[in-house]
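Letter by letter, the chains look like this.
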Amino acid sequence: MLVTYGSSSEFLARAIAKEIGLTLVETNRRRFPDGEQYVRVMGNVSGEDVAVVQSLGMNPDALFIEYSFLVDALKGAGCRHVIAVIPYLAYTRQDSRFHSGEALSVKLMAKFIEGVGTDRLITIDMHLHRYNEIGNVFKIPATNLSAMPLLAEYYRKNYGSQKTVVVGPDVESEQWAKVVAGKLFAPYTILEKQRLGDRDIKISGELSTEVNRVVLVDDIVCTGKTLIEVVSKLRTQGVKRVDALVTHALLVEGALSKLREAGLSELISTDTVPNQCARVSIAPLIADELKKRAFK
Ligand code: R5P
């Protein structure tokens, strides 16, 4: 097996290749004067299974086109199987036609990924709210790993967990809150979230007892609005310290400063997308999965 990468994930691909002791195939990527993309795979991939690491964080459309060109380049050069390593899979939050006339983006993304020739997919903490299982979205073999145990371990080692309550902002976060609470030997509470717009969130629900310290848990922080609402609510209720563990930190529009202003102490995330709060690498998680599930 070989490892290669697209623009969003060169660093991660190097870490994965190093972790598992595999050769990294370099890629050339550039744009033509009119903005069209060009990719070239710079190694012999004939007869090989190749893991293509490409997170779809910021600018997902362009990153996906680049990914699809990489798959075509690999298959054209005789590669046997392509394993998509897409740690952050974009467009998964539109997992329903919430209003008539909308596209069902998550299903379409699955069709695109399969349609370009992907043989297997590995992703991390995919937003699977209304589909529950990754197998309900993809027809190809697909694995959804969770970074929550790693985030929780990191937190416990570096911050301790005495008298901490784990809080999830909405019903979907319960799966992660449960895992983190288990690792921290702490209780957890789930709040209720109502999304009123892209940047407009309403959080309801209370902590049942007086709490000094809270760890928030979520899959994605994007504008930060969800966490800001929860942090403000908790701080108003008298919680002295609020930290957050989040797998995918997109942090758009100054989200981190706004979170700090709202009273968040630490945001700890992974490197699924490059970000300034990435303290936990998911490279070992991916490397283990590649070792286990490599094509025979
Ligand atoms: C949505 O249900 C997700 O789990 C996250 O809570 C959400 O995507 C966070 O987005 P934002 O930071 O923009 O509120």
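A quick note: this is a predicted structure, and the numbers were derived from the prediction, not measured. (Residues numbered from 1 in each chain as written. Predicted model: local features only at pLDDT ≥ 70, side-chain atom pairs only at ≥ 80, totals over all residues. Heavy atoms only, no water.)

Once that is clear, we can look at the sheet that holds strand β16 (residues 278–280). Sheet strands pair via backbone hydrogen bonds, and the direction of the pair is either parallel or antiparallel. Ordered by their spatial adjacency, six strands build an open sheet running β10-β9-β13-β14-β15-β16, and the pairing between neighbours is parallel. Only two strands of the sheet have a single neighbouring strand rather than two, namely β10 (188–190) and β16. The average undirected angle you get between the axes of adjacent strands in this sheet is 30°. Sheet topology note: the strand β14 (residues 241–249)/strand β15 (residues 264–270) ladder contains four bridges and is parallel. What sits directly across from A244, in β15, is L267. Lying on the sheet, helix α7 (residues 255–262) is in contact with β13 (213–221) and β15; it crosses β15 at an angle near 145°. (Pairing = 2+ DSSP bridges. Helix = DSSP H or I, 4+ residues; strand = E, 2+ residues; numbered from the N terminus. Axes fitted to C-alpha atoms, helices over the stretch in contact; angles between N-to-C directions. Contact = heavy atoms within 4.5 Å.)

Let us look at the site of the ligand. Looking at the ligand, there are 15 residues lining it, with R93, D218, D219, T223 and T226 nearest. Within the side chain of R93, an N or O atom sits 2.7 Å from an oxygen atom of the ligand. Within the side chain of T223, an N or O atom sits 2.6 Å from an oxygen atom of the ligand. Here the ligand, which alone exposes 380 Å², has 94% of that area covered by the protein. Judged by the proximity of its atoms to the pocket grid, the ligand belongs to the largest pocket. Of all the secondary-structure elements, those providing two or more residues to the shell around the ligand are β11 (192–197), β13 and α6 (225–236). (Near = heavy atom within 4 Å. Polar contact = N/O pair within 3.5 Å; in protein donor to acceptor, adjacent residues only side chain to side chain. Areas by Shrake-Rupley, 256 points an atom, 1.4 Å probe, with all protein chains shown as cover. 1 Å grid on protein atoms, 1.4 Å probe; cavity = no way out; pocket = protein on both sides within 12 Å on 5 of 7 lines; lining within 4 Å. Sits in = over half its atoms within 2 Å of the grid points.)

Moving on: the sheet that holds strand β2 (residues 23–24). The six strands are arranged β2-β1-β5-β6-β7-β8 in an open sheet whose pairing can be described as parallel. In this open sheet, the two strands that pair with only one neighbour each are β2 and β8 (142–145). When strand β5 (residues 49–53) meets strand β6 (residues 81–85), the two strands line up parallel, connected through five bridges. Opposite D49, over in β6, you have H81 as the bridge partner. Its contacts with the sheet put helix α2 (residues 60–76) on β1 (2–5), β5 and β6, and the angle it makes with β6 is roughly 160°. Across the sheet, helix α8 (residues 283–293) lies against β5, β6, β7 (120–124) and β8, angled at about 155° from β7, the strand it touches most.

For the rest of this paragraph, the subject is the side chain of E66. Mapped onto the elements, E66 comes out in helix α2. In this structure E66 comes out as buried when scored by relative accessible area, which is 3%. When sequence neighbours within four positions are dropped, the list of residues in contact with E66 reads G6, S7, R29, Q37, V39 and Q54. (Buried < 20%, exposed > 50% of the residue type's maximum accessible area, 1.4 Å probe, protein only.)

Moving on: the packing of aromatic side chains. Counted by the stated rule, this structure contains four aromatic pairs. Between F64 and Y67, the aromatic rings sit 6.0 Å apart at their centres with planes inclined by 35°, giving tilted as the arrangement. On the criterion of helical spacing, the pair formed by F64 and Y67 is a turn pair, its members being three residues apart in helix α2. Overall, the relative accessible area of 10% leaves F64 in the buried class. Judged by relative accessible area, Y67 falls into the buried class, the value being 0%. What links up through ring pairs into an aromatic cluster is the set F64, Y67 and F112. The positively charged end of R30 is found above the aromatic ring belonging to Y38, 4.6 Å away from the centroid. (Phe/Tyr/Trp six-rings, centres within 6.5 Å; stacked < 30°, edge-to-face > 60°. Lys NZ or Arg CZ within 6 Å of the ring centre and 35° of its normal.)

Across the seven residues that make up β15, a large majority, five, are buried. As for the winding sense of the linkage, the β-α-β connection from β14 through α7 to β15 is right-handed. When β15 meets β16, the two strands line up parallel, connected through two bridges. Bridge pairing in β16 links T270 to V280. (Right-handed = clockwise from strand over helix to strand, strands pointing away.)

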